Amino acid sequence: MENIDEYLLYKDKPGVKWINVEGLHQVEVIAKIGEIYGFHPLVQEDILNTGHRPKLEDYGNFVYIILKVLSFDRKTGKVITEQASLVLGPNYVLSFLENDVDIFDPLKERIRSGLGRIRRMGVDYLFYALIDAIVDNYFIVLENLGERIEFLEERLVTNPSPVTLNSIHRLKTGMLFLAKSVWPLREIIGGLERGDSPLIKESTGIYLRDVYDHAIQASDTIETYRDMITGMLDIYLSSINNRIGEVMKVLTVIATIFIPLTFIVGIYGMNFEYMPELKWRWGYPMVWLIMITVGVFMGVYFRKRKWL
Amino acid sequence: MENIDEYLLYKDKPGVKWINVEGLHQVEVIAKIGEIYGFHPLVQEDILNTGHRPKLEDYGNFVYIILKVLSFDRKTGKVITEQASLVLGPNYVLSFLENDVDIFDPLKERIRSGLGRIRRMGVDYLFYALIDAIVDNYFIVLENLGERIEFLEERLVTNPSPVTLNSIHRLKTGMLFLAKSVWPLREIIGGLERGDSPLIKESTGIYLRDVYDHAIQASDTIETYRDMITGMLDIYLSSINNRIGEVMKVLTVIATIFIPLTFIVGIYGMNFEYMPELKWRWGYPMVWLIMITVGVFMGVYFRKRKWL
Amino acid sequence: MENIDEYLLYKDKPGVKWINVEGLHQVEVIAKIGEIYGFHPLVQEDILNTGHRPKLEDYGNFVYIILKVLSFDRKTGKVITEQASLVLGPNYVLSFLENDVDIFDPLKERIRSGLGRIRRMGVDYLFYALIDAIVDNYFIVLENLGERIEFLEERLVTNPSPVTLNSIHRLKTGMLFLAKSVWPLREIIGGLERGDSPLIKESTGIYLRDVYDHAIQASDTIETYRDMITGMLDIYLSSINNRIGEVMKVLTVIATIFIPLTFIVGIYGMNFEYMPELKWRWGYPMVWLIMITVGVFMGVYFRKRKWL
Amino acid sequence: MENIDEYLLYKDKPGVKWINVEGLHQVEVIAKIGEIYGFHPLVQEDILNTGHRPKLEDYGNFVYIILKVLSFDRKTGKVITEQASLVLGPNYVLSFLENDVDIFDPLKERIRSGLGRIRRMGVDYLFYALIDAIVDNYFIVLENLGERIEFLEERLVTNPSPVTLNSIHRLKTGMLFLAKSVWPLREIIGGLERGDSPLIKESTGIYLRDVYDHAIQASDTIETYRDMITGMLDIYLSSINNRIGEVMKVLTVIATIFIPLTFIVGIYGMNFEYMPELKWRWGYPMVWLIMITVGVFMGVYFRKRKWL
Amino acid sequence: MENIDEYLLYKDKPGVKWINVEGLHQVEVIAKIGEIYGFHPLVQEDILNTGHRPKLEDYGNFVYIILKVLSFDRKTGKVITEQASLVLGPNYVLSFLENDVDIFDPLKERIRSGLGRIRRMGVDYLFYALIDAIVDNYFIVLENLGERIEFLEERLVTNPSPVTLNSIHRLKTGMLFLAKSVWPLREIIGGLERGDSPLIKESTGIYLRDVYDHAIQASDTIETYRDMITGMLDIYLSSINNRIGEVMKVLTVIATIFIPLTFIVGIYGMNFEYMPELKWRWGYPMVWLIMITVGVFMGVYFRKRKWL
């Protein structure tokens, strides 16, 4: 795959050709390919500019699609989005990846070994196989995200903290970007499947319908995850309030029991000359009795209100 | 129903045939059936892969649909989702269930006993009857969920706790998955009913319209339940805040009554040499009078504010 | 209206016929009518099964619609939903009500007295008149609900309590069910109005358009009510928090004024042998002066912060 | 405009006629006009019944629309909604207003003075001019509402109180009713503009497109206002919580500083016979030193936590 | 660009003409241009009235669009919206800007230097280039807003205050207005691209499709930003509650430890004559022992509950 010029020589020869460019720093290579295959200048710009949303453009003699390749960075818990441009011509498929990623490796392996349908079918089947490889990869990323959601959900129960909140919030924002990458896919693959382009045979349409189902499923899963994350934020908020309530209860129980008692002992700390109780033989034990009665009464009251 | 090979011999004989495979571990059986009836490889994959969302695929000579069979686990309060694949051919119906479930039992009984319309009508009516059995089953699950919602709603009033919150949240997530299983049904049955396929006669269309209504009703009920659960979460949050308010009130009442009183008794606990009140004959009773006045005033104030 | 068999004799006679069955316990009567007028078995089932959502079914020789008859129970504040099935044939109208309700009474009166257009117009006008009677009834129910919302809104301001919250929540759930009954109406009456069925003359279409407008208006009102109820829940939550804030303020004001004062009197309650202040002639008045200064300062501070 | 019968005499004369009825109490006048111009009974009912939502009805020989005339009551801060019915015939325009309002005054002035296009153009232009006058009036109301929102937004920052909350809530409910009056406008004017009716010439269509844009703009503004009001409610809630937090802080700072100090002075208020510290020469100053140290330490701690 | 009359002389000469009017105070200039190019009076009004929402109007012999030019004021953090009117005629393009802004400067430069496609292509390409310049400018504004969001997000974590809340709220309202400016763009450019107007050649359509993609991307970004801001408000609310919880904890810990201790010292401050403990030799140390035990026990309890 390294020596691209060599490949270009085969341009006019019959047979299926697949040129895979990984890394968009090779601007001149892409320019050369574009020149040879007669791309519109806007297509060349689109291949190099990685900020696009997924889209499908049918230029008649070739079909151009932009997809997003996703990968999950386990360390940061972030989803990395890269751009993939695929071009389907009458007898060639071109693929341009933003970076060296290994999502096409199993496919290359299958081609080399001659296994499966891929060698027998035409160039549009290869095109489908590339899209399929990208979309299948989404489910790996979604599985990782699902695990992360479960992990955070558990931590929300055992130890809710602002750090957890921040993780949830970041996951939510990430989900938003993910949805933007996956949503347009349905339209794109749907457009290919409806067979507007003569470059795609009907026999391949059935496979595209399968990828279409996968794309819908990925969108569905993302929506479900987003709903779940929103639910987690609600739970976080109510668990904070719950904790405030718990703290309040402890304060209230302690204060409510001891404030009246402190008042009682305060009374007999007064220095009036004429306080008969102070001279009573059983004054002191009596005060203890009163205090214990008050304390027990409070305890019973709080137990009845389920605060203890 | 056990000996499948035997059934397959009848393939080319006239008459309606229904092959029901329960349990997808019998991979080789499914492969054999697929071979005999000429399935597309993707259909075979779809039957075995249980992660699909409900869908309808019309292959011309046969119609393939995936539905979800739901059941409610009373112990865990969870809805279990299993996949059912149904194939309608010119003179056969195939059904593949993920596990041994008994939803088709009443139907089998009706066929055996020769009761009802099912023996007189064609193969498409049998197909309808299978879909109907699956969809009718949804209402049993929904009824169970409705009871659970009512139970939680009651507990929310009598004894709101984080455990209740968790149950509600889990129910909400479950509802989300349920909605994903039921929503696509409308489209699928609608597609069948519109009669695009020649395999479905018009007389059966009227029955499909009936199932279609049921599917919409199930979707509606799920939406209603989801709204109700969302409302329950709101109530939970406000009931926590309400309880914090109650606790605050008790603390405030006790503290506001006794803190000033404790201050008063503190005054006459001071050891100044020149404190005329301490020598007064009626000093001590006077203090009591002041304190009772303050206490009564506070009590009246709180009663006016409806805190007592 | 009692003796139904008698009516059935007139079946083949010319002229408009209206058979009104109130109470679905008369299963055999409905079966007989169904037999005579040649209903599909599913229609018979639908008439008897009252759990349906409103729908329109055009069977060619007759049109079958299910509507909901609403009534407001003033005692419980609940909306009661009953099912009405209407059938429009070439020269007959059949109506099946779940219970004895009096919504058709004014209509019967008008027919008996021969007043209004109802005797001059055809069978489809009678059909319209029945729908109109049902839909007009919705506005009475909505008016009752509007009054209830206003009542609760007022109570929310004067005396918010968990009981009010519960009433609001119940009203919200009721509104949800109501919306489900009214929403499909637009589609049904719209379907009738578009005149797909030859049973409905164009001159009646103009009246149906009027009912259609009413149905939209009812839906609109329900949506408005639902938004208002949601707003009430928000207000309830913020009024609880407001009250917690009020309670907090009282506690804080009292505690913040008296805790420092209690500290001061505590100082001079110490029993050190060498405390010069205790021997001062003006020590006691001085302490009072200090305490009054602190108290006034606190009061000014709280007034500035608008807590008093 | 007073003597209506006189106007009616001109019915069959050529030229553009505009009859403007202000105040629906003149039931017999409306009945007479309806009779002369051959209205459908439902139209007559619609003109008199002011509870309708805006709608368009094309009766072939005339077009009937219902619009809402809005006005802002500065005293109560409420939007008053009145109904206007407009009828466009081949050579006449009829307008029925619920009350005496002055929105058509500038138009009348223009007609009298013969200024502008209004005299040169046909009857449909007059029809457009009436609609335009009504829609332009919306912007005056919206401007008033915008000012009120700004006023409340400012008060929310300077002095949030339950009164403000109530004002916001009332504004929100008002906005809801407003939206219901303005929303259907787009459909109505869009319907007129698409030129289904031969009564509206193409040259007028361009003007209707202009009103259409205004209607969309009004809807947009209402939506923006509603979003802003929702945001204000959020701010109110968080500002209450903020204030609770502020109150809490003051309480906590005071209590946390003085409660330990009160404990210390309490120790030396004990009456044990054997308390060596009480006899120390420097005991009292030492206690002061300890208390000042504790106080300063607390102060530094709170400053570090930004509570002071 | 200053002397406009001169330009107007060239009106009937062949070749592409671009007249750019910056500043709408030059009312008479615009009136003159309108007169010469035969504008409908409504177009003239629209150019001068800057309150319009973006729209497209096809007058047959010319196409008129209104767009919004955005700029970000770094000082106030606000987005400034200005109106741009573009007119595409058979051989001319007119552009009217509300103020002197420099968004067309690079374009003018390219025209003067004769670089790029702009000189070779027709008048519709120039029209496209103007739209492209305006839309590309959106991304600069969006980038600035993105930085501001990130800045506020960070401040929310480090130092949440009502000031931050206000900034977020203002940003949210700004986003709302922004969305209203950008949303209609899709429809406008989509309308141009679909090629309804003969003034736009198919070769330019491909470029318009590119701007269309940019418009969608801008809308998408705005939606994402709005969701992020909503999330920030949630975080703000829960961080306030979190802080209240923290404050509560400190208060509770201090109060719960010292209130019982103060009670204990209060006991031995009482002046009863018969209190045996006061005479004990080890009474005082014993009380200290009890108090230390209680204090340690409380400390352990709070540590177990993770409040310390």
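Residues numbered from 1 in each chain as written. Chains lettered and ligands numbered in written order. Predicted model: local features only at pLDDT ≥ 70, side-chain atom pairs only at ≥ 80, totals over all residues. Heavy atoms only, no water.

Q: Explain the overall build of chain A residue by residue, including any values.
A: When helices and strands are counted, chain A shows nine helices and five strands. Ordered by position from N to C terminus, the α and β elements of chain A give α-β-α-α-β-β-β-β-α-α-α-α-α-α. Over its C-alpha trace chain A gives a radius of gyration of 35 Å, far above what one expects of a compact globule, namely 19 Å for 308 residues. Overall size of chain A, expressed as C-alpha extent along the three principal axes, is 120 × 35 × 35 Å. Burial analysis of chain A (308 residues in total) assigns 57% to the buried set. A total accessible area of about 13800 Å² is found for chain A, and carbon and sulfur atoms account for 56% of it. Looking at chain A, you have 34 positive and 39 negative side-chain charges, and the mean spots of the two groups are 9 Å apart. (Helix = DSSP H or I, 4+ residues; strand = E, 2+ residues; numbered from the N terminus. Rg over C-alpha atoms; globule rule 2.2 N^0.38 Å. Buried < 20%, exposed > 50% of the residue type's maximum accessible area, 1.4 Å probe, protein only. Areas by Shrake-Rupley, 256 points an atom, 1.4 Å probe, with all protein chains shown as cover. Lys, Arg positive; Asp, Glu negative; His and termini not counted. Charge placed at Lys NZ, Arg CZ, Asp CG, Glu CD.)

Q: I'd like a description of the UniProt feature "transmembrane region" (unreviewed entry) in chain A, backed by residues and values.
A: As recorded in UniProt, the sites labelled "transmembrane region" (unreviewed entry) are residues 250–270 and 282–302 of chain A. The span residues 282–302 of chain A is 95% helix and 0% strand, and its two end C-alpha atoms sit 30 Å from each other. (UniProt positions renumbered as here; feature names shortened; annotations may be inferred.)

Q: So what's going on with the relation of the copies chain B and chain A? Residues and values would help.
A: Take chain B, turn it by 72°, move it 0.0 Å along the axis, and it overlays chain A with an RMSD of 0.1 Å. The transformation relating the two chain copies, once decomposed into turn and shift, fits a five-fold axis. Relative to the rotation axis, the closest C-alpha in chain B is found at Gly269 of chain B, a distance of 4.6 Å. (Least-squares fit on C-alpha atoms with pLDDT ≥ 70 in both.)

Q: With reference to specific residues and values, describe the arrangement of the chains.
A: Separated throughout, chain A and chain C approach each other most closely at a C-alpha pair spaced 9 Å apart. Between chain C and chain E there is no contact, and the shortest C-alpha to C-alpha distance separating them is 9 Å. (Contact = heavy atoms within 4.5 Å.)

Q: Lay out a nonpolar patch on the surface in plain terms, naming residues and giving numbers.
A: Residues and elements named next belong to chain A. Taken together, the side chains of Ile292, Val296 and Val300 present a nonpolar region at the surface, about 280 Å² in accessible area. Locating Val296 in the fold gives a position in helix α9 (residues 283–304). Given a relative accessible area of 51%, Val296 falls into the exposed group. (Patch = residues over 30% accessible without salt bridge, like charges linked within 9 Å, V, L, I, M, F, W, Y side chains within 5 Å. Salt bridge = Lys/Arg side-chain N within 4 Å of Asp/Glu carboxyl O.)

Q: Describe the sheet that holds strand β3 (residues 63–73) of chain B, listing the residues and the values that go with them.
A: Residues and elements named next belong to chain B. Ordered in space as β1-β5-β4-β3-β2, the five strands form an open sheet in which the pairing is mixed. At either margin of the open sheet sits one strand with a lone partner, and together these are β1 (17–22) and β2 (55–58). Across the sheet, the mean angle separating the axes of adjacent strands is 20° when strand polarity is ignored. Of the pairings in the sheet, the one linking β3 to strand β4 (residues 78–88) comprises eleven bridges and is antiparallel in character. Within β4, the residue paired with Leu67 across the bridge is Ala84. Lying over the sheet, helix α3 (residues 41–48) contacts β2, β3, β4 and β5 (92–97), oriented at roughly 5° with respect to β3. (Pairing = 2+ DSSP bridges. Axes fitted to C-alpha atoms, helices over the stretch in contact; angles between N-to-C directions.)

Q: Pulling in residues and values, what's your account of the sheet that holds strand β5 (residues 92–97) of chain A?
A: The pairing of strands in a sheet comes from backbone hydrogen bonds and takes either a parallel or an antiparallel form. Residues and elements named next belong to chain A. Across the sheet, which stays open at both edges, the five strands sit in the order β1-β5-β4-β3-β2 with mixed pairing between neighbours. Only two strands of the sheet have a single neighbouring strand rather than two, namely β1 (17–22) and β2 (55–58). With direction set aside, neighbouring strand axes in the sheet form an average angle of 20°.

Q: Report on helix α2 (residues 27–37) of chain E, specifying residues and quantitative values.
A: All names here are of chain E. Listed as buried for α2 are Val29, Ile30, Ile33, Gly34 and Tyr37. Along the axis of α2, the buried positions cluster into a sector of 135°, meaning they face one direction only. Residues of α2 that are exposed and angled more than 90 degrees away from the buried face: Glu28 and Glu35. Directly beyond the C-terminal end of α2, a positive phi value near 65° is found at Gly38. (Arc of directions from axis to C-beta.)

Q: Any chance you could break down the nonpolar core for me, citing the residues and the numbers?
A: If you look at the biggest cluster of nonpolar residues, it comprises 535 residues, and the most contacted ones within it are Ile131 of chain A, Ile131 of chain B, Ile131 of chain C, Ile131 of chain D together with Ile131 of chain E. Every residue in contact with Ile131 of chain B, bar those within four places of it in the chain, is listed here: Ile65, Leu67, Leu86, Ile189, Leu192, Leu208 and Val211 of chain B. Ile30, Tyr37, Val43 and Ile47 of chain A belong to the second largest nonpolar core, which has 18 residues in total. (Core = buried A, V, L, I, M, F, W, Y, C linked by side-chain atoms within 4.5 Å.)

Q: Mind laying out the packing of helix α7 (residues 202–267) of chain D against helix α7 (residues 202–267) of chain E, listing which residues take part and the relevant values?
A: Viewed as axis vectors pointing N to C, α7 of chain D and α7 of chain E meet at an angle of 20°, and their least axial separation amounts to 8 Å. One finds that α7 of chain D runs roughly parallel with respect to α7 of chain E. Read as a crossing pair, α7 of chain D and α7 of chain E show a hand that is left-handed. Taken together, the residues of the contact of α7 of chain D with α7 of chain E break down into 21 nonpolar, ten polar and four charged. (Parallel < 35°, antiparallel > 145°, perpendicular 65-115°, else oblique. Left-handed = near helix turned anticlockwise from the far one by under 90°. Nonpolar A, V, L, I, M, F, W, Y, C, P; charged D, E, K, R; others polar.)

Q: So, the interface of chain D and chain E: which residues are in play, and what are the values?
A: Each partner contributes residues to the interface: chain D has 51 residues there, and chain E has 52 residues. Surface buried jointly by chain D and chain E totals about 4500 Å² across both partners, of which 67% is contributed by carbon and sulfur atoms. When the buried area of chain D at its contact with chain E is split by residue, Phe263, Phe272 and Tyr274 of chain D rank highest and sum to 15% of it. Taken together, chain D and chain E are joined by four salt bridges. Among the ionic pairs, Asp227 of chain D bridges to Arg226 of chain E, the shortest N-O distance being 3.5 Å. Where chain D meets chain E, there are twelve residue pairs in polar contact (both at pLDDT 80 or more). Going through the elements one at a time, α5 (123–158), α7, α8 (276–279) and α9 (283–304) of chain D are the ones with two or more residues in the side of chain D that touches chain E. (Buried area = accessible area lost by both parts, 1.4 Å probe. Polar contact = N/O pair within 3.5 Å; in protein donor to acceptor, adjacent residues only side chain to side chain.)

Q: Tell me about the domain arrangement of chain A, residues and numbers included.
A: Entries for chain A in the domain assignment read domain 1 (4–241) and domain 2 (243–304). The C-alpha centroid of domain 2 of chain A is placed 72 Å from the C-alpha centroid of domain 1 of chain A. (Domains from an automatic or database assignment.)

Q: I'd like to hear about the interface of chain B and chain A, residue by residue, with values.
A: Counting from both sides, the interface comprises 52 residues of chain B and, opposite them, 51 residues of chain A. Summed over both sides, the interface of chain B with chain A buries roughly 4500 Å², with 67% coming from carbon and sulfur. Inspection of the region where chain B meets chain A yields five salt bridges. In this structure, the salt-bridge partner of Arg305 of chain A is Glu246 of chain B, at a minimum N-O distance of 4.0 Å. At the surface where chain B touches chain A, the tally comes to 13 residue pairs in polar contact (both at pLDDT 80 or more). Only α3, β2, α6 (162–193), α7 (202–267), α8 (276–279) and α9 (283–304) of chain B provide two or more residues apiece to the side of chain B that touches chain A. If one sorts the elements of the side of chain B that touches chain A by residue count, α7 of chain B sits on top with 18 residues. A breakdown of the residues in the side of chain B that touches chain A according to their chemical character gives 28 nonpolar, eleven polar and 13 charged.

Q: How would you summarise the pattern of salt bridges if you had to cite specific residues and measurements?
A: Residues and elements named next belong to chain C. By the definition in use, this model includes 56 salt bridges over all chains. As a salt-bridge pair, Lys108 and Glu22 come within 3.6 Å of each other at their nearest N and O atoms. Placement of Lys108 in helix α4 (residues 105–113) and of Glu22 in strand β1 (residues 17–22) is noted, with a sequence separation of 86 residues between them. Overall, Lys108 belongs to the buried group, its relative accessible area being 13%. On the basis of relative accessibility, which here comes to 15%, the residue Glu22 falls in the buried class.

Q: Describe a negative patch on the surface, and please don't skip the residues or the numbers.
A: Side chains of Asp234 of chain A, Asp234 of chain B, Asp234 of chain C, Asp234 of chain D together with Asp234 of chain E sit close together on the surface and give a patch of like negative charge. Following the sequence through the fold, Asp234 of chain D ends up in helix α7.

Q: Tell me what's going on with the environment of Glu57 of chain A, and back it up with residues and numbers.
A: Tracing the backbone through its elements, the reader meets Glu57 of chain A in strand β2. Look at Glu57 of chain A and you get buried, because its relative accessible area is 3%. Residues Glu57 of chain A and Leu192 of chain A, 135 residues apart in the sequence, show an inter-C-alpha distance of 10 Å. Ignoring anything within four residues of it in the chain, the contact list for Glu57 of chain A reads Asp46, Phe62, Val63 and Tyr64 of chain A together with Arg209 and Asp213 of chain E. A polar side-chain atom of Glu57 of chain A sits 3.2 Å from a polar atom in the side chain of Lys55 of chain A.

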